[in-house]
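# Inside the fold
Below are the chains, spelled out letter by letter.
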Amino acid sequence: MEDLDSNTTVFSTLRSLNNFISQRMEGMSGLATPGSSQSSLQMQYQQRMQLEEQAGQIHSKSQLLQVEREKMQMELSHKRARIELEKAANTNARNYEREADRNQELLTRIKQYQERETEAENKLKEQMEMNKSYKKSMETMSKKLQEKESKLAEANETITILKGKISDLQWNIMNQEMQMTNQDSQKQELMEQLDVEKKNSSYKFQLAHCCPPSHVFQDLEQKLSQQEHDALIVKNMKAELARFPKMERELRQLREENAYFREMKENNGLLKEEVEGLQRKLERYEKVQAQLVTVELENEKLLGKLQSWEKLDQSTGLNIRTPDDLSRQIVALQQRELALKEQNSTFMNSARMLEKARQQLQEDLLRVQSQLVDEKKKREHQEALVRRLQKRVVLLTKERDGMRAILESYDSELTPAEHSPQLSRRMREAEELVQKLHAHHAELEAQLSQVLEEVGNHKQRAEMVSSINFPFFPRLKIEELEAERSKLAEENRSLEMKLEKLTLQGDYDPSRTKVLHFSMNPTSLAKQQRKEEQQQLQEECERLRELVRVLEGGGSISATREGVGSFQSPQEVAELKKQVESAELKNQRLKEVFQTKIQEFRKVCYTLTGYQIDITTENQYRLSSIYAEHQGDCLLFKASSSSGGKMQLLETEFSRTIRELIELHLLRQDSIPAFLSALTLDLFSRQTIA
Amino acid sequence: MAFHQELSREHQGITLRGSAELVAEFFSYGINSILYQRGIYPPETFTRVQKYGLTLLVTTDPELTNYLNNVTEQMKEWLYKCIVQRLVVVITSIESSEVLERWQFDIECDKTAKDDNGPREKSQKAIQDEIRSVIRQITATVTFLPLLESACAFDLLIYTDKDLAVPEKWEESGPQFIANSEEVRLRSFTTTIHKVNTMVAYK
């Protein structure tokens, strides 16, 4: 539609231009006497006013158009925005997918980490176990340590005891030394006394020498005795003193001995420990010995057992030398037992099967026996029948004989010439009857024999069955029957399977069942709809084919139009027509608007510049001034390119009269507007002068 | 077909009428479920309904509802008379008229229930539990059934006794077998009067 619009605008502009030109031509005749009357100016004014009004209207319309265009642009931008949004949505969706991928990756990572965690947990458990074991070992170690500590404490105690002894001994030594010092001090005292005594004695001696009184003598004697006594004591003391170094020596010896004893004590401790260790060992050995005794006892017992086993082996005659042999023997025995059990079960099964077969056969026998009874009954019945028939035969023969006798009597009574044919006929009839009877009789006899035979057969079969049923029935028969039975069972199973499958597939027994459905069910409706649709489509296809044929055959447009008309629905046609009408109306309006607008524009140009510009031919513009002296005075310009960038003045009759202006403004100044303005001024001045 | 119905006829329980109603109702919901699950009708034409402790989808299409109601009513009558043997949902391709799936509900009627009017001992709840598991299984079968690619329509075939007079609007039909079909037997349920074995055959 837009293309159409643009085309119409071109056309309409051209037309409006033509219109204007023609108007102008008319107007020019009116303008032949310029400025002569005021009324014409008034008219012009009014015209201009009208034109302005029109211009206003046109302006508003153009605004409307602009608004419409803006709306279009808005729509376009809206579409663009939507496209962008869709793109954004796409990118978002892609991002989302990427996120989902990442999510999955993360999930896998999480799984990995979980696995690692489980591994770590396992390790942790192992470590814990190891830790526990270490703790246990630690406990044992600590126990040992405690034992060691207790031992150490014991040792310390012994050490303290020993130290106490040592201190006692030192005490003894100290006492002895004290005694020695006491004795020394006593000795010194004694020595001093001795000195004093000596001095006294000497003095006394001197005294005695000097003045020897009796009592002094006595005193002196006493003193002497005393002295003697003292001397004795001193001697004793001296002896004791002499003993002192010996005692010191003894003391040294004792100290040495003491040290020696200490060493001995240590040795003794060591030895004691050794002794203890040895005692422990001894205890252990004793225990071991006791165990040994018990073990020997056990050994003897076991030997006895073994011998008994070996004896067993000898007694049983089996090759049992070792437990392995025994176990092997047991396994073999178990296997044998299993095999025997299996055999037993198979035998049981066969026995059961045989029992079943026997029961079946008994049933058969019963059936056969009942059949036999039936047959016997039948035979009796048949025999009775036969007897009855025989009786009837006898009766009939008797009747026949009677009839014959009667006939003979008739024959004898009547003349044979008269009645012979009648009689002979009767005879024949009677004979035929007899023959029929004979035939009937024979038939019955044959039936009887057949029945008898059948009975015999049945008897035989019964006998056979009874013989089969007898405990010593032939094995082959049973096996055959068994095989047949199993075959039949298998067949039955396969048939059941088939039946099951068929029921699954929806099979049914048409003799018992019938399949119903609602006549207006969705499937048939859908099918019908489809059929109708297909028919419609076929019809349409047919019509179109015809149309194509017409077109190929160069048919007239009307025919095709008819075809198209018939093809298109009338509604569509009406719609299209409406569209066309509206488009045409729009075109018309546009044309009118353009025409008025162009005329207005041209008039405005004319009044403002003083030149009317007409297009004579392509790229040629004719300018005629408002102040032209003659109607035909005009200037011709030719555009060098279609865009109208450069103009060239073409020579006309009028242009030849204004050479100075051309030379001045065009050739020198190269300005068409200046030239035109100069010309306007020139012409205006000429007019006003005139 | 060695299914023995264990009948116990003591205490209060389910009657023949009640059993027929229950089974017909099951057919209605079962067929709706199949139609939704197999996409025979567009999913937006279904609405959610709570039944048997499940959320089931039931059609809102008026024509289809009408059709199903017709069939269900008829089924109820026949179930009451114990003359219906089987209900089959046949799914056919509209384009090729080929049968693609057959959902078969074999019905075993205990005809002795017609004579004695005493109700059977089986609670409504126990029956509904069985029905629920059947419908669950129908829903689950969608996972292994092949996708129905072409447009499809369905038909309901009812296998009845031979001596039945064909009612108005009904007509005899073929069994609509599937050639070379795969069959799967689903769960069954029983009201002690009617036993329904469900199976599906597909191409």
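Source: prediction; values computed, not measured.

This part covers the packing of helix α1 (residues 16-37) of chain B against helix α2 (residues 62-81) of chain B. Residues and elements named next belong to chain B. Contact pair α1 / α2: the axes reach a minimum separation of 9 Å and the direction vectors enclose 150°. When the axis of α1 is compared with that of α2, the two are roughly antiparallel. Note on packing geometry: the crossing formed by α1 with α2 is right-handed. Touching L16, R17, A20, E21, V23, A24, F27, S28, I31, N32 and L35 of α1 are L64, L68, T72, M75, K76, L79 and Y80, all from α2. Partitioning the contact of α1 with α2 into residue classes produces twelve nonpolar, three polar and three charged.

Residues and elements named next belong to chain A. The grouping of E154, E157, E273, E274 and E276 at the surface amounts to a negative patch. Secondary structure elements with two or more residues in the negative patch: α2 (38-210) and α3 (214-316). In this structure, E157 sits in helix α2. The class of E157 is exposed, set by a relative accessible area of 51%.

Residue and element names in this part refer to chain B. In this structure, K169 is a non-glycine residue whose phi angle is positive, near 70°. Assignment of secondary structure puts K169 in the loop between β5 (152-161) and β6 (170-172). Not every positive phi belongs to a glycine, and T192 is a case in point at roughly 75°. Within the secondary structure, T192 is located in the loop between β7 (182-190) and β8 (194-202). Taking the relative accessible area as the measure of exposure, T192 reaches 7% and is therefore buried.

All names here are of chain A. Together, Y260, F261 and M264 give the surface a local cluster of nonpolar side chains, amounting to about 340 Å² of exposed area. Inspection of the secondary structure assignment puts F261 in helix α3. The class for F261 is exposed, based on a relative accessible area of 51%.

This part covers helix α9 (residues 570-609) of chain A. Residues and elements named next belong to chain A. End to end, α9 covers 58 Å across 40 residues, agreeing with the expected 58 Å (1.5 Å per residue, within 8%). When α9 is considered as a whole, its buried residues turn out to be A583, N587, I598, Q599, E600, R602 and Y606. A positive backbone phi angle near 80° is found at G610, which sits one or two residues after α9.

Taken together, the contact between chain B and chain A spans 40 residues of the former and 25 residues of the latter. Buried surface at the junction of chain B and chain A, both sides included, amounts to about 3,100 Å², of which 56% is carbon and sulfur. When the buried surface of chain B facing chain A is broken down by residue, K162, E171 and E183 of chain B rank first, second and third, together holding 17% of it. For the pair chain B and chain A, the interface holds twelve residue pairs in polar contact (both at pLDDT 80 or more). Top element by residues in the side of chain B that touches chain A is β5 of chain B. It accounts for nine residues. Considered class by class, the residues forming the side of chain B that touches chain A number 20 nonpolar, nine polar and eleven charged.

A few words now on a positive patch on the surface. Residue and element names in this part refer to chain A. Where like charges cluster on the molecular surface, the positive patch consists of K144, K148, K151, R280, K281, R284 and K287. Going through the elements one at a time, α2 and α3 are the ones with two or more residues in the positive patch. Among the structural elements, K287 can be located in helix α3.

Here seven strands make up an open sheet; going across it, the order is β6(B)-β1(A)-β5(B)-β3(B)-β4(B)-β8(B)-β7(B) and the pairing antiparallel. Each edge of the sheet is formed by a strand with only one pairing partner; in this case those strands are β6 and β7 of chain B. Going from strand to strand, the sheet's axes swing by 25° on average, the running direction of each strand aside. Across the face of the sheet, helix α6 (residues 475-505) of chain A comes into contact with β3 (84-93), β4 (99-109), β7 and β8 of chain B while running at roughly 85° to β7 of chain B. Along the sheet, α2 of chain B contacts β1 (513-518) of chain A together with β3, β4, β5, β6 and β8 of chain B; its crossing angle with β5 of chain B, the most-contacted strand, is approximately 15°.

Quick look at helix α7 (residues 522-552) of chain A now. Here α7 of chain A is 31 residues long and its end C-alpha atoms lie 44 Å apart, about the 45 Å a rise of 1.5 Å per residue gives. All of the buried residues along α7 of chain A are P522, T523 and A526 of chain A. Packing partners of the buried residues in α7 of chain A comprise α2, β3 and β5 of chain B. By the N-cap criterion, in which a side-chain oxygen at the helix start approaches the backbone nitrogen of a residue two or three places on, α7 of chain A is capped by N521 of chain A, the distance to T523 of chain A being 3.1 Å. A positive phi of about 70° marks G554 of chain A, the residue just after α7 of chain A.

Residue and element names in this part refer to chain A. Within the open sheet, the four strands sit side by side as β2-β3-β4-β5. Their pairing is antiparallel. Both outer strands of the open sheet, β2 (611-615) and β5 (647-650), are each paired with one neighbouring strand and no more. If you compare each strand with its neighbour and ignore which way they point, the axes differ by 30° on average. Bridge count between strand β4 (residues 635-639) and β5: four bridges; the pairing is antiparallel.

Take the side chain of R38 of chain B next. Residue position: R38 of chain B is located in the loop between α1 and β1 (46-51). A polar contact is formed between the side chain of R38 of chain B and the side chain of E101 of chain B, at a distance of 2.5 Å.

For the rest of this paragraph, the subject is the side chain of Q85 of chain B. The residue Q85 of chain B is located in strand β3 in this model. Of the residues examined, Q85 of chain B reaches a relative accessible area of 18% and is grouped as buried. Polar contacts involving the side chain of Q85 of chain B include one to the side chain of D161 of chain B, which spans 2.8 Å. If we skip the residues at most four places from it in the chain, Q85 of chain B touches R512 and T513 of chain A together with F105, D106, I107, Y159, T160 and D161 of chain B.

If you walk through the whole model with that rule in mind, you get 26 salt bridges over all chains. Between E99 of chain A and R102 of chain A there is a salt bridge; the shortest N-O distance is 3.6 Å. Residue E99 of chain A and its partner R102 of chain A are located together in helix α2, separated by three residues, close to a single helical turn. Here E101 of chain B ties to R38 of chain B by a salt bridge, and the two come within 2.5 Å at their closest N and O atoms. One end of the pair, E101 of chain B, is in strand β4; the other, R38 of chain B, is in the loop between α1 and β1, and 63 residues separate them in sequence. As far as burial versus exposure is concerned, E101 of chain B and R38 of chain B are alike and both buried. If you follow the salt bridges from partner to partner, you end up with R602, D614 and R622 of chain A in one network.

Take the nonpolar core next. A general tendency of soluble globular proteins is for nonpolar side chains to be buried together. With 60 residues, the main nonpolar core has F26, F27, W103, F105 and F154 of chain B as its most contacted residues. The element best represented in this core is α1 of chain B, accounting for eleven residues. Beyond its immediate stretch of four places on either side in the chain, F27 of chain B contacts M75, L79, L87, F105, I107 and V196 of chain B. In this structure, I662, F675, L676 and L679 of chain A belong to the second largest nonpolar core, which totals 14 residues.

Looking now at the packing of aromatic side chains. Enumeration over the complete set of coordinates arrives at 14 aromatic pairs over all chains. Plain terms: the ring middles of Y36 of chain B and F46 of chain B are 5.3 Å apart, the flat faces sit at 70° to each other, and that makes the pair edge-to-face. Of this pair, Y36 of chain B sits in helix α1 while F46 of chain B sits in strand β1, and the two are ten residues apart along the sequence. Of the residues examined, Y36 of chain B reaches a relative accessible area of 27% and is grouped as partly exposed. For F46 of chain B, a relative accessible area of 8% puts it in the buried group. Each ring, one from F144 of chain B and one from Y202 of chain B, has its centre 6.1 Å from the other, and the planes form 50°; the classification is tilted. A residue pair is termed long-range when its members are at least 10 positions apart, and F144 of chain B in the loop between α4 (124-141) and β5 and Y202 of chain B in strand β8 qualify at 58 residues. For Y202 of chain B, a relative accessible area of 12% puts it in the buried group. A network of ring pairs unites the aromatic residues F518 of chain A together with Y41, Y67, W78, F154 and W170 of chain B as a single cluster. A cation over an aromatic ring shows up here: K51 of chain B above the ring of Y52 of chain B, its NZ or CZ 5.4 Å from the ring centre. The positively charged end of R86 of chain B is found above the aromatic ring belonging to Y159 of chain B, 4.9 Å away from the centroid.

What counts, and where the lines are drawn
Residues numbered from 1 in each chain as written. Chains lettered and ligands numbered in written order. Predicted model: local features only at pLDDT ≥ 70, side-chain atom pairs only at ≥ 80, totals over all residues. Heavy atoms only, no water. Axes fitted to C-alpha atoms, helices over the stretch in contact; angles between N-to-C directions. Helix = DSSP H or I, 4+ residues; strand = E, 2+ residues; numbered from the N terminus. Parallel < 35°, antiparallel > 145°, perpendicular 65-115°, else oblique. Left-handed = near helix turned anticlockwise from the far one by under 90°. Contact = heavy atoms within 4.5 Å. Nonpolar A, V, L, I, M, F, W, Y, C, P; charged D, E, K, R; others polar. Patch = residues over 30% accessible without salt bridge, like charges linked within 9 Å, V, L, I, M, F, W, Y side chains within 5 Å. Areas by Shrake-Rupley, 256 points an atom, 1.4 Å probe, with all protein chains shown as cover. Salt bridge = Lys/Arg side-chain N within 4 Å of Asp/Glu carboxyl O. Lys, Arg positive; Asp, Glu negative; His and termini not counted. Charge placed at Lys NZ, Arg CZ, Asp CG, Glu CD. Buried < 20%, exposed > 50% of the residue type's maximum accessible area, 1.4 Å probe, protein only. Expected span 1.5 Å × (residues − 1). Buried area = accessible area lost by both parts, 1.4 Å probe. Polar contact = N/O pair within 3.5 Å; in protein donor to acceptor, adjacent residues only side chain to side chain. Pairing = 2+ DSSP bridges. Core = buried A, V, L, I, M, F, W, Y, C linked by side-chain atoms within 4.5 Å. Phe/Tyr/Trp six-rings, centres within 6.5 Å; stacked < 30°, edge-to-face > 60°. Lys NZ or Arg CZ within 6 Å of the ring centre and 35° of its normal.

Any functional reading would require information beyond the geometric quantities listed.
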